[in-house]
There are 2 protein chains.
Amino acid sequence: MISFEHFIPNDQSPIYQQIILYIKQGIAAGQIRDGDEMPSRRVLSALLGVNPNTVQKSYKLLEEEHLIASTPGAKSCVTVDDAKKAAIRADLLGTHVKAVVQAMQQMGATKEEAISILETLWEENL
Amino acid sequence: MISFEHFIPNDQSPIYQQIILYIKQGIAAGQIRDGDEMPSRRVLSALLGVNPNTVQKSYKLLEEEHLIASTPGAKSCVTVDDAKKAAIRADLLGTHVKAVVQAMQQMGATKEEAISILETLWEENL
DNA sequence: CGAACTGTATCACTGGTATAATACAGTTAA
DNA sequence: TTAACTGTATTATACCAGTGATACAGTTCG
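Bear in mind that the values here come from a model prediction, so they are computed numbers and not experimental data.

Caption draft 1: Spatial organisation of the protein's contact with DNA strand D. Near DNA strand D, the surroundings consist of 24 residues, among which A:Pro14, A:Tyr16, A:Asn53, B:Arg41 and B:Arg42 are the closest. For DNA strand D, the backbone portion of the atoms within 4 Å of the protein, that is sugar and phosphate, comes to 59%. A distance of 2.3 Å separates a phosphate oxygen of DNA strand D from a polar atom in the side chain of B:Arg41. Take B:Gly73: an N or O atom from its main chain is 3.3 Å from a sugar or linking oxygen of DNA strand D. Contributing elements (two or more residues each) for the surface near DNA strand D: α1 (15-29) and α3 (52-64) of chain A together with α2 (41-48) and α3 (52-64) of chain B. Looking at side-chain class alone, the surface near DNA strand D contains 8 nonpolar, 10 polar and 6 charged residues.

Caption draft 2: Expanded view of the domain arrangement of chain A. Residue and element names in this part refer to chain A. Along its sequence, chain A is organised into domain 1 (1-80) and domain 2 (82-126). The straight-line distance from the C-alpha centre of domain 1 to that of domain 2 is 25 Å. Counting residues at the interface gives 10 residues for domain 1 and 6 residues for domain 2. For the pair domain 1 and domain 2, the two sides together bury roughly 730 Å², of which 72% comes from carbon and sulfur. Along the contact surface separating domain 1 from domain 2 lie 0 salt bridges. Remark: the boundary between domain 1 and domain 2 carries 3 residue pairs in polar contact (both at pLDDT 80 or more).

Caption draft 3: Structural view of the side chain of B:Ser58. Mapped onto the secondary structure, B:Ser58 falls in helix α3. B:Ser58 has contacts with B:Tyr16, B:Ile19 and B:Ile20, leaving out every residue within four places of it along the chain.

Caption draft 4: Region of the structure containing the protein's contact with DNA strand C. In the region of DNA strand C, 27 residues are neighbours, and A:Arg41, A:Arg42, B:Ile15, B:Asn53 and B:Thr54 sit closest. In DNA strand C, the atoms that sit within 4 Å of the protein are 62% sugar and phosphate, with bases accounting for the remainder. Contacts to DNA strand C include A:Arg41, whose side-chain N or O atom sits 2.7 Å from a phosphate oxygen. Interatomic distance of 3.3 Å between a backbone N/O atom of A:Ala74 and a sugar or linking oxygen of DNA strand C. Residue assignment for the surface near DNA strand C shows that the elements contributing at least two residues are α2 (41-48) and α3 of chain A together with α1 (15-29) and α3 of chain B.

Caption draft 5: Structural detail: the pattern of salt bridges. On inspection of all chains with the given rule, the structure shows 6 salt bridges over all chains. Note that A:Glu113 is salt-bridged to B:Arg89, the shortest N-O span being 2.9 Å. Remark: B:Arg89 occurs in helix α4 (residues 82-106) and A:Glu113 occurs in helix α5 (residues 111-124); the pair is interchain, linking two chains. One salt bridge in this structure joins B:Glu65 and B:Lys24, with 3.2 Å as the shortest N-O distance. Taken together, the positions of B:Glu65 in the loop between α3 and β1 (68-69) and B:Lys24 in helix α1 put the pair 41 residues apart, joining distant regions of the chain. Residue classification places B:Glu65 among the partly exposed positions, given a relative accessible area of 40%. Classification of B:Lys24 as buried rests on a relative accessible area of 13%.

Caption draft 6: α3(B), seen in detail. All names here are of chain B. Its 13 residues give α3 an end-to-end C-alpha distance of 18 Å, which sits within 8% of 18 Å, the value for a rise of 1.5 Å per residue. The secondary structure elements touched by the buried residues of α3 are α1, α2 and β1. The backbone nitrogen of Asn53 lies 2.9 Å from a side-chain oxygen of the residue at the head of α3, namely Asn51. Just downstream of α3, His66 is the residue with a positive phi angle, here 60°.

What counts and how
- Residues numbered from 1 in each chain as written.
- Chains lettered and ligands numbered in written order.
- Predicted model: local features only at pLDDT ≥ 70, side-chain atom pairs only at ≥ 80, totals over all residues.
- Heavy atoms only, no water.
- Near = heavy atom within 4 Å.
- Polar contact = N/O pair within 3.5 Å; in protein donor to acceptor, adjacent residues only side chain to side chain.
- Helix = DSSP H or I, 4+ residues; strand = E, 2+ residues; numbered from the N terminus.
- Nonpolar A, V, L, I, M, F, W, Y, C, P; charged D, E, K, R; others polar.
- Domains from an automatic or database assignment.
- Contact = heavy atoms within 4.5 Å.
- Buried area = accessible area lost by both parts, 1.4 Å probe.
- Salt bridge = Lys/Arg side-chain N within 4 Å of Asp/Glu carboxyl O.
- Buried < 20%, exposed > 50% of the residue type's maximum accessible area, 1.4 Å probe, protein only.
- Expected span 1.5 Å × (residues − 1).

Given below as structure tokens:
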């Protein structure tokens, strides 16, 4: 059973997207593996204190990306292989960093300054 | 007069927030300076192809942050000093990079990997 | 079997975003 | 002066994302 104990919700983005991101990051980190059981919609919604439909939306989108498989009546399971894992990792890293790079370049930061800030914040968050 | 020729709208975030971000990034980069004239609400709305009320919302919020000053009948002007500029720069850089650092750490990336990706994407976007 | 779970679907409500159409008052410049 | 601009305010409308509440059908297991 996948744990959500490290899930920290924020109100900057929709909850259903945060759930998706949490799963993807778990897969990319190797903490979530193929065959792992997802919590049921109702259980997770109670755990996070949100509506079951919100969780359902996350699961539906994850299923459309073929990252989980659901059969009516049974629990949903994660379905990933090394290729999917690598793709997710590249996607998450790419999109995140690319947005930051564009923002920093537009405000006139140098590459050295960017690396310096990254290193500083990296240590702080450990 | 502040130019919006490099403004590239996207549908990921509200337009009024994109306008605010564009101004802030311009200030942080030093391209937009104290006393610079903002385009009128009507002119900018026509330029961007959006409703005047959307632009008005941006300007109102910028004024609440004391980044522009408006007097009825006259054009709105940018009101910044070195302290405000530094604060904006730190805020934009901090929030952006912090989000990336958290995401990358959660998916098990190393600091060296993060720097490597940053350098690669930095060159690509030049 | 039957109770308790599971996934799934449908409807309604809310808030934020964007648009639209005006209206009014102050400033600017020909 | 006066016409054309400026900022500001109001009201109404439409749309969509997010959430809430409920119902139904299939699976699991004591």
